[in-house]
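Observations on chain architecture
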Amino acid sequence: MLPHSRSSAARAPDEPLIFERISAQRGGTEILHAINLSFPAGSRTTLIGPSGAGKSTLLRLLNRLSDPSEGRILLGNIPILSLPVMALRRRIGLVFQTPRPLPGTVADNLAFAHVITGETAERDFAESLIEVGLDPSWLDRDASGLSGGERQRLAIAVALQTGPSILGLDEPTSALDPSAARKVAEALRRRSERDGLTTIAVTHNRDQTPWLGDRTVVLEAGRVVDEGPTLDVLARADESFWLKENGG
Amino acid sequence: MKTAAPNWLGLAWAALPLAISMILLAWRRLGQVKSLAIAVVRLVVQLWMLGIVLKAIFAANNVWIVLLAASVMLAVASHTVGSRQPSARWTIRLEALIAMGLGIAVTMAISVKLALRLEPWYSPSTFIPLLGMILGNSVTGISLAAERLASDLKADRDLVEQRLALGATSRQAAMPALRAAVRASLTPVINNMMIAGIVAIPGMTTGQLLAGADVLEALRYQILVYLGITATAAMSTLILLGLRLRHYFTAAHQLRSES
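1. Remarks on the sheet that holds strand S10 (residues 223-229) of chain A
Paired through their backbone hydrogen bonds, the strands of a sheet run either parallel or antiparallel. Residue and element names in this part refer to chain A. One open sheet accounts for six strands, arranged S6-S7-S8-S3-S9-S10; its pairing is mixed. Looking along the sheet, the strands with just one partner apiece sit at the ends: strand S6 (92-95) and S10. Going across the sheet, the axis of each strand differs from the next one's by a mean of 15°, ignoring polarity.

Set out below in C-alpha cells:
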C-alpha cells in the first residue's frame with residue numbers, strides 16, 4: 001500500500017516524478033512525442049506553450065486518467081502503473097481546466113474525497129476555503145452558483161482534500177483577477193514549502209507564470225522545446241508569437 | 001354479466017368514429033391519415049396472427065413449444081431495447097437478453113409456482129399472457145435505463161473524471177448516472193402502481209371484467225402482474241447497468257474516450 005496521508009501535516013519529502021520517453025495519444029492522434037521530464041519533490045513547475053501543444057494531455061497522465069502509449073512514468077523508481085490506481089490518484093491530485101463543481105453544496109464538494117473512502121465523521125472545511133481565498137461562510141451554498149473564478153478556487157481546495165504530494169493544475173487561475181490569482185499562487189507556494197507539495201501548473205498567462213512556478217517547461221507540438229528557471233525561459237519565449245498573443 | 005365479444009361486423013361499427021376522424025384530418029390537411037391507416041391495418045393483422053399462434057400454442061399444450069414462444073418473446077424484447085440506443089446496439093441487445101432473461105425467469109418461476117400454483121407450470125393460456133404482460137411493460141424502462149446511463153456519462157464526462165481524479169472507483173464516479181438510470185427505468189412502473197385504480201382501471205383488469213371475471217379475482221391478478229412487471233424491470237435494470245458499466249470504464253478506473 002502507498003503511504004497516503006490525508007492530513008496536510010509535514011511529511012518526509014516524496015520521491016521525484018519522472019517522465020521517461022512518454023508518448024501519448026488522444027483520439028488516435030499522437031499528442032506527445034517521447035517526452036523526458038523530471039519533477040523533483042516539492043518543486044514548482046509551470047507548463048507553457050501554444051494551444052494544442054499537449055499540456056492538458058500531459059497532466060491527465062499524472063494520475064492515470066489516461067495512460068501513455070509509450071514510455072513510463074516513475075514515482076521515485078516505481079512505475080506508477082504498478083501502484084494501486086485509487087491510492088495513486090489520492091497521492092497525485094488534478095485540478096481540471098474550467099472545473100464544474102459536483103452537484104450539491106460547497107461542503108459536499110469538499111467532503112467527496114472523504115465520503116468515497118467511507119469516512120462518515122463531520123469535518124470543518126472552513127480552513128480549506130480560507131486557504132484558497134474563499135469565504136468560509138459559503139460552505140452551505142449551492143456550488144453550481146459559484147462564478148468561474150470561485151469554481152477554480154473551490155476545485156483547488158477539493159483536490160487538496162486527499163493530502164496529495166503532487167498536484168497537477170490546468171490553468172488554475174485563468175478566471176481570476178491578478179490579485180486573486182496571486183493569492184492562490186501564494187497558497188500553493190506555502191503548500192510546497194510547508195508540506196513539500198510538488199505542483200505542475202499549466203498556464204497561458206505570462207505574468208502569472210513566475211507566480212506558479214520557479215521552473216518552466218515549454219511544450220510545442222508535443223515536444224519539450226525549452227526548460228529552465230522561469231524568468232530565463234520567459235525571456236527566451238518572448239520571441240515566440242504565441243506568448244505575445246496570450247500574454248498579459 | 002358476461003358480455004359477448006364483438007363479432008367482425010361489430011368491430012366494423014367500432015371503426016366508424018376513427019374513420020370519421022380520418023376523413024376530417026384528410027379534409028383539413030392535418031396529416032397522420034396514412035399513418036393511422038397503416039397502424040389500424042397492422043393492428044388487425046398482427047392481432048389476428050397472434051390469435052392463430054396463441055390458439056396453436058394453447059392447443060399443443062407442450063412445454064417445449066411454450067419455452068420456444070417465451071424465447072422468441074424475450075428475443076424481440078431485447079431487440080427492442082437495443083434499437084433505442086444510439087450506438088453499440090448489438091452488444092446492448094445481447095446484454096439485454098441476459099439481463100431480461102434472468103429477471104423474467106426469476107419472476108415467472110415465483111409467479112407460476114408459488115403465487116399461482118399453476119398445474120402444469122407451463123399451462124400456456126396463463127403462462128404466455130402473463131409473460132407477455134410483464135415483458136411488454138418492463139422493456140421500456142429497461143431501455144430507458146441504458147439510454148440514460150449513456151447520455152449522462154456523456155454529458156457529465158468532466159464530473160465523472162473529477163471524481164475519478166479524487167480516487168473514486170468507476171462505480172462511485174458513475175453513481176449519479178446509475179441512479180438517474182434506475183430512476184428512468186422505475187419511474188413509469190412506480191407511477192403506474194401509484195395511480196392504479198384511481199386515475200384509470202388497468203388494462204388487464206378491464207379485459208378480465210369485460211370477459212366476465214369476478215372483480216376481486218381480476219384485481220388480485222392485476223396486483224400479481226404489477227408486482228411481476230416491477231420486479232422484472234428492477235432486476236433486469238440492475239443486471240443490465242452492471243453489464244453496461246464495464247464498457248465505459250477500463251479496469252484501471254479510467255473513463256474510456258467516446259466509443
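There is more to say, and it comes next.
2. Focus on the sheet that holds strand S5 (residues 78-79) of chain A
All names here are of chain A. Spatially, the four strands line up as an open sheet ordered S2-S1-S4-S5, and their pairing is antiparallel. Every interior strand has two partners, whereas the edge strands, strand S2 (29-39) and S5, have only one. As paired strands, strand S4 (residues 70-75) and S5 are joined by two bridges and run antiparallel to one another. Opposite Leu-75, over in S5, you have Ile-78 as the bridge partner. Sheet strands in contact with helix H1 (residues 55-62) are strand S1 (17-26), S2 and S4, and its direction is about 120° off that of S1.

3. Focus on the interface of chain B and chain A
In this complex, chain B contributes 17 residues to the contact, which on the side of chain A involves 23 residues. At the boundary of chain B with chain A, total buried surface from both sides reaches about 1800 Å², with 57% on carbon and sulfur atoms. Area buried by chain B at its contact with chain A is led by Ala165(B), Leu166(B) and Gln254(B), which between them contribute 34% of it. Where chain B packs against chain A, one counts three salt bridges. Among the elements that take part in the side of chain B that touches chain A, helix H7 (residues 157-165) of chain B stands out by supplying seven residues, more than any other. Split into classes, the residues belonging to the side of chain B that touches chain A amount to seven nonpolar, six polar and four charged.

Rules used throughout
- Residues numbered from 1 in each chain as written.
- Chains lettered and ligands numbered in written order.
- Predicted model: local features only at pLDDT ≥ 70, side-chain atom pairs only at ≥ 80, totals over all residues.
- Heavy atoms only, no water.
- Pairing = 2+ DSSP bridges.
- Helix = DSSP H or I, 4+ residues; strand = E, 2+ residues; numbered from the N terminus.
- Axes fitted to C-alpha atoms, helices over the stretch in contact; angles between N-to-C directions.
- Contact = heavy atoms within 4.5 Å.
- Buried area = accessible area lost by both parts, 1.4 Å probe.
- Salt bridge = Lys/Arg side-chain N within 4 Å of Asp/Glu carboxyl O.
- Nonpolar A, V, L, I, M, F, W, Y, C, P; charged D, E, K, R; others polar.

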